[in-house]
Amino acid sequence: MVNKQTSVLQWVFENRDNFPLKSGKVFQAYQETEGYQARQQNFSELLSKLTDKGYLEKPEYATYDISEKGINRIKTLRDQTLEVNRPDDFEELVEELVYFLHQNKENELNEASVRGREFELSLSELQSFNPEILESETFRSVDYLRDAIDEAVDEVLVLGQDESVEVRIVPDVEFLDTDLRTVISRGSTGELTVVEGMLKKSERVSKLTVSATFQCTTCGEVVEKDQDSPKLKSPFKCEACGSKTFEVKEKNYTDVMDFELSQRDEKETALEARITGKLGPKHQKALMTGNRIRVLGVPKVRTDNKKEKQTVYLDVVDYQRVDVKKDLEDFDRDKRQDVLDRIKASDTPFQDFYRSIAPHVGGMELPKKAIAVSLIGCPRFERMNEDGRIHTGIITNPGLGKSKLQNWVNDSFGKTQIADGPSSTSAGLTATVEQNQGNQWQVVAGKLVFAHKGILQLDEFDKYPEGELTSLNSAMEDGEFKLSKASVQASLPGEATVIATGNFSRELDSHTEAYEILPDKGIGLYDRFSLLVGVQDQGSEPVNKITEGFTRGGTEAFEAEYSVKELRIFRHIVRDNKVYLSDEAADVLQTFHNASTDKEKSDVRGTSNRDYVHLVKLTLALARCNLRDEATAGDARKATKLVREARESLDLGMGEKASDKARESVRLNDFEDAFSDLKEQGQEVDLTDLEDRFTSEYGHDSSEFEQALKKKKKDGDFYEPEQGKIQRL
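What counts, and where the lines are drawn
- Residues numbered from 1 in each chain as written.
- Predicted model: local features only at pLDDT ≥ 70, side-chain atom pairs only at ≥ 80, totals over all residues.
- Heavy atoms only, no water.
- Helix = DSSP H or I, 4+ residues; strand = E, 2+ residues; numbered from the N terminus.
- Buried < 20%, exposed > 50% of the residue type's maximum accessible area, 1.4 Å probe, protein only.
- Contact = heavy atoms within 4.5 Å.
- Areas by Shrake-Rupley, 256 points an atom, 1.4 Å probe, with all protein chains shown as cover.
- Pairing = 2+ DSSP bridges.
- pLDDT = per-residue confidence, 0-100.
- Polar contact = N/O pair within 3.5 Å; in protein donor to acceptor, adjacent residues only side chain to side chain.
- Phe/Tyr/Trp six-rings, centres within 6.5 Å; stacked < 30°, edge-to-face > 60°.
- Disulfide = S-S within 2.5 Å.
- Expected span 1.5 Å × (residues − 1).
- Arc of directions from axis to C-beta.
- Axes fitted to C-alpha atoms, helices over the stretch in contact; angles between N-to-C directions.
- Salt bridge = Lys/Arg side-chain N within 4 Å of Asp/Glu carboxyl O.

### Structural notes on the overall build of the chain
On a plain count of helices and strands, the chain comes out with 27 helices and 26 strands. Out of the 729 residues in the chain, the part that is buried amounts to 50%. Counted over contacts in the chain with a minimum sequence separation of 6, partners at least 24 positions apart contribute 70%. Summing over all exposed atoms, the chain offers an accessible surface of approximately 36100 Å²; the carbon and sulfur share of this is 43%.

And the structure:
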């Protein structure tokens, strides 16, 4: 069984006296003598692949001839005594692959061939079809695996359609998975393995000399020798005359790209890897620093004689990008349905979510609300160039539990990266460049790149020097950042949701306005946060929680509506919900925003169009929790309340200095909101239930409830159909 490239090479060898020939003439002659019926473009791709492998050469533009390496290749193939090194089950594996392709992939394979696309061969599909395929000796031998696949593909392609097709091996099986540290500790095993990780560093595609043709200067004998280092190594001596003097006649190159894999962050020892072959821009893009991939390869050892050091690296056979990391664990369908039913049945799903966050941390209700909206996020709106991330900043006095909140998020959800000010430099937070052993500059990813499409947690935020957060500022706004160092100009991914926690620049007390002692990080960075909250103290609740934690009972204080695993399911369900802003919700938001910017009616500081975008995103996040496809006026009022709470926590308005008119507006909005929470139970709402809702959930007292009720009845918005009941007109 001979593959198509070898068939063409044999034909060129047999007709070498007529070469060199222009590519068009080669195609015409092969078509006439061999009955070739495919397009000239596909035949040209076969010639290009043979040229890339060094079997053909191009003495001038668009002209081909067989090389010395090609002649030696055909002579080797014709010497049957040299084929005994093939594994015993080689032919059997080829037959199984042919059967699999005929049964499952024939149309897909031929379509890929005709359209010039890649054909993906899934190892998991092969395993399901026949597990013995992946257990064969040939499969485990990387030297013959590609040959077996090529021969099987050639056999299945439609007769007479000698189309060229590139086969990608998809490493989507788990039984080959090996931990990165295990690969490094075991060293060279010679067996195929799969490693998944983040690209910590990646170099540019370059050329590697794989072999060279030498000619003896004494007798003219031509010898080809494989190369394993940048410095050429000639044969020890000429077999014909014994001379040790040679001159280089030809070098055969292949593309090469080196990169490093890490499975957690930049502090972990990385695994070096190398991929060779025909590598174009698509490979350079796929293997960019920060991307996440699964790599199929063979662990090998590279020796550095100068440093007397051996390094384990992965000789890459193929790879698969796996950037979309699912946060949902493999729960059974019943469990997912249970969480979905509980979300639908709840009157307060957002409250259920945030109160289930870190139940061991007492108080901190406002920070938990802020973290909750960051975890839920807003839908992506391409037309607004809005990726939906909601950034949160939490600034407190020391010792209130903010680091515990960060650790809980990191332990509970996937794709999270924690960085803290005292131990993270700008390079460690974003990215930097360094020179490799070949003096090439390569990008080294930091925490922000590792958190792409996930969550970046900045603890001890106040400890970062302002200048080190410049790239973070860009990434929070645009989802990427620029790196310009040495000779490297790169745009790196950084679409991470930021949850930052830190301390005030000095302890906040009752005589100080909180916004005045925010850590000095530049006003531009703070504008990127949809919610920025401050906490002075939490009263007695944290102490009570700690006390209960050390008592024999006390378990009720640590119970939550959802377990950690159920919160993951909750988050996955609501983040799949695409929601839009209704006209009614827009009216509420615009009224609130206009009042906030009117200096005669409100003392709120620092409002802008960006603040309005934040407000819209918060509204949509809250609507997501109710599984609606359109945000209501009630969602908008809850979002404005959350913003008011955040501003009050930093003394930025809506606090004691707010005007009576503004405070009345707050009460009336909250009255409407509380009524909307309860109205689904019927047209009439019990006044006692409404007052309880208004005071317990919205932070007002009974006198404020009476004032709001009196105003709403006076304005004709509500009436009492009977004693103790209220209804909207």
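Read on, since the account is not over.
### Section: the sheet that holds strand β26 (residues 725-728)
The three strands lie next to each other as β24-β26-β25, forming an open sheet whose pairing is antiparallel. Looking at which strands have only one partner, the edges of the open sheet turn out to be β24 (685-686) and β25 (718-719). In this sheet, β26 lies alongside β24 in antiparallel orientation, the contact comprising two bridges. Paired with V685 across the two strands is I726, which belongs to β26.

### Brief notes about the confidence of the model for the chain
On average, residues of the chain score 81 in pLDDT, and 85% of them are at 70 or above. The secondary-structure element of the chain with the lowest mean pLDDT is helix α16 (residues 426-429), recorded at 66, while helix α14 (residues 365-376) shows the highest, at 94.

### Quick word on the side chain of T63
By the element assignment, T63 lies in strand β3 (residues 63-66). Among the residues examined, T63 registers a relative accessible area of 5% and is labelled buried. Polar side-chain contacts of T63 include one of 3.5 Å to the side chain of K22. If we skip the residues at most four places from it in the chain, T63 touches P20, L21, K22, E57 and K58.

### Some details on the packing of aromatic side chains
In the structure shown here, the tally under the stated rule is 22 aromatic pairs. Between the aromatic rings of F671 and F718, the centroid separation amounts to 5.5 Å while the plane-to-plane angle is 85 degrees, which identifies the pairing as edge-to-face. Placement of the pair is F671 in helix α25 (residues 660-678) and F718 in strand β25, with a sequence separation of 47 residues. An identical accessibility class is assigned to F671 and F718; each is buried. For the pair F694 and F705, a centre-to-centre distance of 5.7 Å together with 55 degrees between the ring planes defines the contact as tilted. With F694 in helix α26 (residues 687-696) and F705 in helix α27 (residues 702-714), the pair connects residues that are eleven residues apart, well separated along the chain.

### Topic: the state of the cysteines
Among covalent bonds in proteins, the disulfide is the one between the sulfur atoms of two cysteines. Overall, the coordinates contain zero disulfides when judged by the stated rule. C238 takes part in no disulfide bond, and the closest cysteine sulfur to it belongs to C219, at a distance of 3.6 Å. Residue class for C238 comes out buried when judged on its relative accessible area of 1%.

### Comments concerning helix α1 (residues 4-14)
Counted residue by residue, α1 has eight buried out of eleven residues, so it is predominantly covered. Those residues of α1 that sit buried are K4, Q5, T6, V8, L9, W11, V12 and F13.

### Thoughts on the side chain of H391
Here H391 lies in the loop between α14 and β13 (392-396). Only 3.0 Å separates the side chain of H391 from the backbone nitrogen of V498, close enough to count as a polar contact. Every residue in contact with H391, bar those within four places of it in the chain, is listed here: S374, M476, A496, T497, V498, R528, F529, S530 and L531.

### Some remarks on helix α12 (residues 333-345)
For α12, built from 13 residues, the straight-helix expectation of 18 Å at 1.5 Å per residue is met to within 8% by its first-to-last C-alpha distance of 18 Å. For α12, the complete set of buried residues consists of V339, L340 and I343. All buried residues of α12 fall inside an arc of 100 degrees around its axis, so they share one side. Turned more than 90 degrees away from the buried face of α12 sit D334, K344 and A345, all of them exposed. Those residues of α12 hidden inside the fold are in contact with α13 (349-354), α21 (564-575) and α23 (609-625).

### Quick notes on the sheet that holds β13
Judged by pairing direction, the sheet is parallel, and its five strands sit side by side in the order β14-β17-β20-β13-β21 without closing on themselves. The open sheet is flanked by β14 (416-420) and β21 (531-535), the only strands paired with a single partner. Averaged over all neighbouring strand pairs, the angle between strand axes comes to 15 degrees, with direction disregarded. Pairing of strand β17 (residues 455-459) with strand β20 (residues 497-503) involves four bridges; the strand directions are parallel. Counted as the bridge partner of L456 is V498 from β20.

### Thoughts on the pattern of salt bridges
Any two side chains of opposite charge can pair, so long as their charged atoms come close to each other. Following the criterion strictly, the structure yields 37 salt bridges and no others. Across the salt bridge formed by D258 and R274, the nearest N and O atoms sit 2.7 Å from each other. Placement of D258 in strand β9 (residues 246-262) and of R274 in strand β10 (residues 271-277) is noted, with a sequence separation of 16 residues between them. The class of D258 is buried, set by a relative accessible area of 18%. In this structure, D686 engages K725 in a salt bridge whose closest nitrogen and oxygen atoms are separated by 3.7 Å. Highlighted residues: D686 in strand β24 and K725 in strand β26, separated in sequence by 39 residues. Assessed through its relative accessible area of 24%, D686 is described here as partly exposed.

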